[in-house]
Amino acid sequence: MRRILGIDPGSIKTGWGVIEIEGSRVTYLESGILRLGSGDMSERLLILHRGLSDVIERLKPTECAVEEVFLAKNFQSALKLGQARGVALLSVGGASIPVKEFAAKTVKQAICGQGQATKTQIQNMVIRILNLPDNPGEDAADALGIALCAGYSKDGMGAEARFRLSSRSRAGHPKGGPSRPKPRTKPRTKPRPGNQDPAQTKNQTQTRQSRPGPARPNEHISDHISDHTSDHTCDH
């Protein structure tokens, strides 16, 4: 049995969610959002550390999955997000829990089947997969999606391989690489009756009429009998 903690780190609020996998059955346990406020960064990171430590102590996950940094509006936002991820990894590492990291596109591909899925699509799919009565919130749904992505593949490589294969298929490339374009052949079109030259049409008609058809057996026999009869008549 696997109990997976998914974390969607943020510098203002961090989503988390825990699922349990036994065989092919996936069970939702708990999820939530840690609101870090807008104070000093040291205070926010302390709230994050204490909150995640409490979740780990209560639910005792056997593994953890964290989303990688993929987008930041500016340098300061990327720095703060990196600090939040560092505290999340520290909290999990302090409990000796193995951690997997997934790119956002990999998570979207694993949950929705496409790497360009929207936040709303992820939430809807998470609610359907886990049979949730209510929407857990955007950040918590993202965290549950990260946990599901980790649950679909033990080492994390399966979902990434599915994403690479799907990207190649959407681009129209086979497994071996881009295919060479086939040469375009100009289709042969039959001329319309109204566009034909009258003289050419007349010649074609005469040619078809002048062609001798296959002789019928009865015609040869009748010709031979008439010739033979005429010869005897002349002799008499």
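Structure's up top.
Rules used throughout
- Residues numbered from 1 in each chain as written.
- Predicted model: local features only at pLDDT ≥ 70, side-chain atom pairs only at ≥ 80, totals over all residues.
- Heavy atoms only, no water.
- Pairing = 2+ DSSP bridges.
- Helix = DSSP H or I, 4+ residues; strand = E, 2+ residues; numbered from the N terminus.
- Axes fitted to C-alpha atoms, helices over the stretch in contact; angles between N-to-C directions.
- Expected span 1.5 Å × (residues − 1).
- Buried < 20%, exposed > 50% of the residue type's maximum accessible area, 1.4 Å probe, protein only.
- Arc of directions from axis to C-beta.
- Contact = heavy atoms within 4.5 Å.
- Core = buried A, V, L, I, M, F, W, Y, C linked by side-chain atoms within 4.5 Å.
- Salt bridge = Lys/Arg side-chain N within 4 Å of Asp/Glu carboxyl O.

(A) Molecular detail of the sheet that holds strand β3 (residues 25–35). Taken together, five strands build an open sheet; the order of strands is β3-β2-β1-β4-β5 and the sheet is mixed. With partners counted over all chains shown, the strands left at the sheet margins are β3 and β5 (99–102), one partner each. Strand-to-strand twist of the sheet, defined as the mean angle between neighbouring strand axes without regard to direction, takes the value 20 degrees. One ladder, built from seven bridges, connects strand β1 (residues 2–8) with strand β2 (residues 13–22); its direction is antiparallel. The partner of I7 across the bridge, within β2, is W16.

(B) Quick peek at helix α2 (residues 75–94). The terminal C-alpha atoms of α2, which comprises 20 residues, lie 28 Å apart, in line with the 28 Å expected from a rise of 1.5 Å per residue. Every buried residue belonging to α2 is among L81, A84, R85, V87, A88, S91 and V92, and all of these are buried. Buried residues along α2 cover an arc of 155 degrees about the axis, so they all sit on one side. For α2, the exposed residues lying more than 90 degrees away from the buried face are F75, L90 and G94. Elements that come into contact with the buried residues of α2 comprise β1, α1 (41–59), β4 (63–67) and β5.

(C) Fine view of the nonpolar core. Counting 20 residues, the largest nonpolar core has L5, I7, W16, L48 and C64 as its most contacted members. Top element by residues in this core is α1. It accounts for seven residues. Of all hydrophobic cores here, the second largest spans 19 residues; its members include I21, V126, A147 and L148.

(D) Spatial organisation of the pattern of salt bridges. Tallied over the entire structure, the rule returns nine salt bridges. A salt bridge links R25 to E22; the shortest N-O distance between them is 3.2 Å. Among the residues examined, R25 registers a relative accessible area of 53% and is labelled exposed. For E22, a relative accessible area of 45% gives the class partly exposed.

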